[in-house]
Amino acid sequence: GAVVSQHPSWVICKSGTSVKIECRSLDFQATTMFWYRQFPKQSLMLMATSNEGSKATYEQGVEKDKFLINHASLTLSTLTVTSAHPEDSSFYICSAKTGTGDNEQFFGPGTRLTVL
Amino acid sequence: AQKITQTQPGMFVQEKEAVTLDCTYDTSDPSYGLFWYKQPSSGEMIFLIYQGSYDQQNATEGRYSLNFQKARKSANLVISASQLGDSAMYFCAMWVDSNYQLIWGAGTKLIIKP
């Protein structure tokens, strides 16, 4: 149980285009989903926290107009990188948390974005 | 401030030996949880073990155990009988309810030598 999927797993796009990444909880309802960014050989950096049905909370320094997050249902959150540039190339990971009392997060397999 | 410190950027260990990955944490909140994750080159984050701040016993999960020393604020991961497949990045992370997010360490790259 507690499986989180991400789609696509790998994407290459041209500079200036937008890319949408989906994060789905397959067998549980995720009241909260987290979006992380990871550069090579570095740790995870939290970008934003999204709760179903409400606006995402962005971490300091993360442009909300560039990284659009939608959490329309209890099983789906999307991250759209708008007008992507080469510096947006990174590994994006989502995680999902249930609404129960435990504090474990379940991670998706990640999406590797390369912007040419 | 909440913080996780992993002081070992990288480690080489001979296969079948035990290995300890260091993690120290800092929080003033009495309720917190400590996690260890493994990240192989494929990128997925694999949950290994969890220790709650009020847990009396050290957590164990198969070959993984967590050496929790609350007074010293350390939560070292011990891998017994290391295997080649254990080669990966290992991250220590802390959850504090008041923060509502995981605080991550910088990670330790573990390489197991045959």
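Let me begin by describing the structure that accompanies this report. (Residues numbered from 1 in each chain as written. Chains lettered and ligands numbered in written order. Predicted model: local features only at pLDDT ≥ 70, side-chain atom pairs only at ≥ 80, totals over all residues. Heavy atoms only, no water.)

1. Considering the pairing of strand 6 (residues 46–52) of chain B
(1) Moving on: Relative to strand 6 of chain B, strand 5 (residues 32–39) of chain B runs antiparallel, the two sharing six bridges. In the strand pairing of strand 6 of chain B, Lys38(B) is matched with Ile46(B). (Pairing = 2+ DSSP bridges. Helix = DSSP H or I, 4+ residues; strand = E, 2+ residues; numbered from the N terminus.)

2. Some thoughts on the state of the cysteines
Residues and elements named next belong to chain A.
(1) Moving on: Scanning the entire structure with this criterion turns up two disulfides over all chains.
(2) Moving on: A sulfur-sulfur distance of 2.0 Å marks the disulfide that ties cysteine 23 to cysteine 94. What sets the handedness of the cysteine 23 and cysteine 94 disulfide is the S-S torsion sign, and at about 80° it is right-handed. On the criterion of sequence distance, the pair formed by cysteine 23 in strand 3 (residues 19–25) and cysteine 94 in strand 9 (residues 90–97) is long-range, its members being 71 residues apart. Like cysteine 23, the residue cysteine 94 is buried in the burial classification. (Disulfide = S-S within 2.5 Å. Buried < 20%, exposed > 50% of the residue type's maximum accessible area, 1.4 Å probe, protein only.)

3. Some points on unusual backbone geometry
(1) Moving on: Look at the link from His7(A) to Pro8(A): it is a cis peptide, with omega at 0°.
(2) Moving on: Along the chain, Pro8(A) falls in the loop between strand 1 (4–7) and strand 2 (10–13).
(3) Moving on: Positive phi, close to 60°, is recorded for Lys41(A), a residue that is not glycine.
(4) Moving on: Looking at the element boundaries, Lys41(A) is found in the loop between strand 4 (32–38) and strand 5 (45–51).
(5) Moving on: The backbone of Lys16(B) shows a phi angle near 80°, a positive value even though the residue is not glycine.
(6) Moving on: Structurally, Lys16(B) can be placed in the loop between strand 2 (10–14) and strand 3 (19–21).
(7) Moving on: Under the relative-accessibility criterion, Lys16(B) is labelled exposed at 70%.

4. Brief notes about the interface of chain B and chain A
(1) Moving on: Each side of the interface is counted separately: chain B has 19 residues, and chain A has 18 residues.
(2) Moving on: Of all residues in chain B, Trp95(B), Tyr100(B) and Trp104(B) bury the most surface against chain A, accounting for 33% of the area lost on that side.
(3) Moving on: Applying the counting criterion to the chain B and chain A interface returns four residue pairs in polar contact (both at pLDDT 80 or more).
(4) Moving on: At the level of secondary structure, the elements contributing two or more residues to the side of chain B that touches chain A comprise strand 5, strand 6, strand 10 (88–96) and strand 11 (101–104) of chain B.
(5) Moving on: Of the residues assigned to the side of chain B that touches chain A, the class counts are 11 nonpolar, seven polar and one charged. (Contact = heavy atoms within 4.5 Å. Buried area = accessible area lost by both parts, 1.4 Å probe. Polar contact = N/O pair within 3.5 Å; in protein donor to acceptor, adjacent residues only side chain to side chain. Nonpolar A, V, L, I, M, F, W, Y, C, P; charged D, E, K, R; others polar.)

5. Details of the environment of Lys14(A)
Residue and element names in this part refer to chain A.
(1) Moving on: Here lysine 14 shows up in the loop between strand 2 and strand 3.
(2) Moving on: Assessed through its relative accessible area of 64%, lysine 14 is described here as exposed.
(3) Moving on: Note: C-alpha distance between lysine 14 and glycine 53 (39 residues apart in sequence) is 31 Å.
(4) Moving on: Residues within four places of lysine 14 in sequence aside, it is in contact with Ala84, Val115 and Leu116.

6. Let's talk about a nonpolar patch on the surface
All names here are of chain A.
(1) Moving on: Taken together, the side chains of Trp10, Ile12 and Leu116 present a nonpolar region at the surface, about 370 Å² in accessible area.
(2) Moving on: Counting through the fold element by element, isoleucine 12 comes out in strand 2.
(3) Moving on: Owing to a relative accessible area of 46%, isoleucine 12 belongs among the partly exposed residues under this scheme. (Patch = residues over 30% accessible without salt bridge, like charges linked within 9 Å, V, L, I, M, F, W, Y side chains within 5 Å. Areas by Shrake-Rupley, 256 points an atom, 1.4 Å probe, with all protein chains shown as cover. Salt bridge = Lys/Arg side-chain N within 4 Å of Asp/Glu carboxyl O.)

7. Looking at the pattern of salt bridges
(1) Moving on: Applying the stated rule across the entire model yields four salt bridges over all chains.
(2) Moving on: Linking Arg24(A) and Glu22(A) is a salt bridge whose minimum nitrogen-to-oxygen distance equals 3.5 Å.
(3) Moving on: Among the residues examined, Glu22(A) registers a relative accessible area of 24% and is labelled partly exposed.
(4) Moving on: Among the salt bridges present, the one from Arg63(B) reaches Asp86(B), with a minimum N-O distance of 2.8 Å. Taken together, the residues Arg63(B) in the loop between strand 7 (60–61) and strand 8 (64–69) and Asp86(B) in the loop between strand 9 (74–79) and strand 10 connect sequence positions 23 residues apart.
(5) Moving on: The partly exposed category is assigned to Arg63(B), whose relative accessible area is 23%.

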